Every structure is written in structure tokens, then in C-alpha cells.
Amino acid sequence: MYQAVGSPGSRLTRVTWMLEELGEPYEIVKAKQHSDVMYRYNPSGKIPGLVDGDLVLTDSAAICFYLGDKHAEKGLGPTTPQERGLMNSWLFFAQSELEAPLWNKLKHRLLLPEELRAEIGPWTRMEFDREIATLEKRLDGNPYAMGERFTAADVIIGHCGQWARGAKFEIGSDVVNAYFDRVLSRPALARAREREAAA
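This one's a predicted model, so the numbers in the text were calculated from it and none came from an experiment.

Conventions we followed
- Residues numbered from 1 in each chain as written.
- Predicted model: local features only at pLDDT ≥ 70, side-chain atom pairs only at ≥ 80, totals over all residues.
- Heavy atoms only, no water.
- Helix = DSSP H or I, 4+ residues; strand = E, 2+ residues; numbered from the N terminus.
- Rg over C-alpha atoms; globule rule 2.2 N^0.38 Å.
- Buried < 20%, exposed > 50% of the residue type's maximum accessible area, 1.4 Å probe, protein only.
- Contact = heavy atoms within 4.5 Å.
- Areas by Shrake-Rupley, 256 points an atom, 1.4 Å probe, with all protein chains shown as cover.
- Lys, Arg positive; Asp, Glu negative; His and termini not counted.
- Charge placed at Lys NZ, Arg CZ, Asp CG, Glu CD.
- Pairing = 2+ DSSP bridges.
- Right-handed = clockwise from strand over helix to strand, strands pointing away.
- Phe/Tyr/Trp six-rings, centres within 6.5 Å; stacked < 30°, edge-to-face > 60°.
- Lys NZ or Arg CZ within 6 Å of the ring centre and 35° of its normal.
- Expected span 1.5 Å × (residues − 1).
- Bend = angle between axes of the 7 residues up to and from the residue.

## Remarks on the overall build of the protein chain
Here's step 1: Across its full length, the protein chain holds 8 helices and 4 strands.
Here's step 2: Reading the secondary structure of the protein chain in the N-to-C direction produces β-α-β-α-β-β-α-α-α-α-α-α.
Here's step 3: Over its C-alpha atoms the protein chain spans a radius of gyration of 17 Å, differing by no more than 12% from the 16 Å that the globule rule assigns to 199 residues.
Here's step 4: Within the span of the protein chain, comprising 199 residues, buried residues form 50% of the whole.
Here's step 5: Nonlocal contacts in the protein chain, meaning residues at least 24 apart in sequence, comprise 65% of its contacts between residues at least 6 apart.
Here's step 6: Accessible surface, the protein chain: about 9,600 Å² in total, of which carbon and sulfur atoms supply 53%.
Here's step 7: Positive and negative charge centroids in the protein chain, built from 25 and 28 side chains respectively, lie 3 Å apart.

## Observations regarding helix H1 (residues 12-22)
Here's step 1: Extensive coverage of H1 is indicated by the burial of 11 of its 11 residues.
Here's step 2: Of the residues flanking the end of H1, it is Gly 23, one or two places downstream, whose phi is positive at about 70°.

## As for the pairing of strand E2 (residues 26-30)
Here's step 1: Where strand E1 (residues 2-6) lies against E2, 5 bridges are found, and the strand directions are parallel. When the bridges of E2 are listed, Gly 6 appears paired with Lys 30.
Here's step 2: Assessed by its sense of winding, the connection that carries the chain from E1 through H1 to E2 is right-handed.

## Regarding the packing of aromatic side chains
Here's step 1: One pass over the structure, following the stated rule, counts 6 aromatic pairs.
Here's step 2: Plain terms: the ring middles of Trp 90 and Phe 93 are 6.2 Å apart, the flat faces sit at 80° to each other, and that makes the pair edge-to-face. Residue Trp 90 and its partner Phe 93 are both found in helix H4 (residues 81-111); the two are separated by 3 residues, about one turn of the helix. The pair formed by Trp 90 and Phe 93 is uniform in burial state, with each residue classed as buried.
Here's step 3: An aromatic cluster of at least three residues, connected via ring pairs, comprises Trp 17, Tyr 144 and Phe 150.
Here's step 4: Geometry around Trp 103 places Arg 11 over its ring, the cationic atom sitting 4.8 Å from the centre.

## Let's talk about H4
Here's step 1: Given a rise of 1.5 Å per residue, 31 residues ought to cover 45 Å, yet the end C-alpha atoms of H4 are separated by just 39 Å, more than 12% below that figure.
Here's step 2: If you look at H4, its biggest bend is around 60°, right at Glu 99, and the proline Pro 101 turns up within four residues after that.

As C-alpha cells, this is what we get:
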């Protein structure tokens, strides 16, 4: 059985959502960021983590890619070297471009010590708008990142959309809003939220 390590409502949701999509059994090990418990799983103390036997894996995108690849027969991971490259491109885009403005704004609003905070709202707004436009172009009329089928890439990108909506970032694209509606309404995500709430 997998162990999903982290705090409910955080990037842990990416891991539990992916596990629910796959129908794989798991338990949640609650751990706060930079806690003694989390340092046992990740030298940086950051969440989430995944335990699969002797393997301890960190970084939500890497975890979702690993799970999709390991359970390739379920269709959420890559099936060819070309798909592997394309999925990694999507995951790197999500983490380094789409998520970056969200994370930077959160750090400067709530997480950094007061003396290190700066007003970066206009910058994060501009960066986010640019990456939403990029996302619309990359989707290229497809229902999901990889085309016709939902994959691990949609878990990561979709969670960025959930975060953006929760943080009141305006999403100025009907195409991207429809995409977020589609992926965020999946039953597996609802089940993941329920499991986290129960934990």
C-alpha cells in the first residue's frame, strides 16, 4: 500500500488525486511542511512525499509521473518515449511557469518573514496571465493536455487551476476555464478531498 505524506489541502492533493484516479490503495501520513516528520521523508522538509516500499519519492509532479508510468496500463502515464517527453514538457511547464506566480504571491503574502516580503502582485498577475495564454495555445483545442485522454499532466495543471481560483487569480481565457472545469469536476478529485478531510 502506498503512503501519501503531507498536509491535507496542500500539494498532497495532487498525490491523493492521482492515486484515486488509478484506484490504488493508500494511506495518508499527515505531516506539516518543515516538520520533524516531513524531514524523515524529504531533506528539504517540503511536502508531499510518496512511499512505495523502499522508495521514498518527493515533488508532486515527479510522484504523479512515477505513478502514471508504473501503472501504465491504466492510461494516466506515458506509453511511448514520445509521450514521455511530451508529458515531462507539460509537467515542467506547470511547475516552473504556471505555478510560479501563484507560489511567489503566496510566499510574499503569508509565508516569508515580514522583513523579506515585497509587493509583487502586479508582477505575478502579469506572469500568470501570460502563462494562461500559453496554456490555451498548448491545449490547441484538445480536451486534455495529452489530447483525448486524461493523464498525470492534467492532475498537476488542474491543481494549479484550483489554487489559482482559490487565490482569486482571474483566468482570462474561456478555453482554460472550461478545461479547469472539466478536470476539477472529476470524481477522483472529490474522493481525494474526502479522504484528506477524514484524515
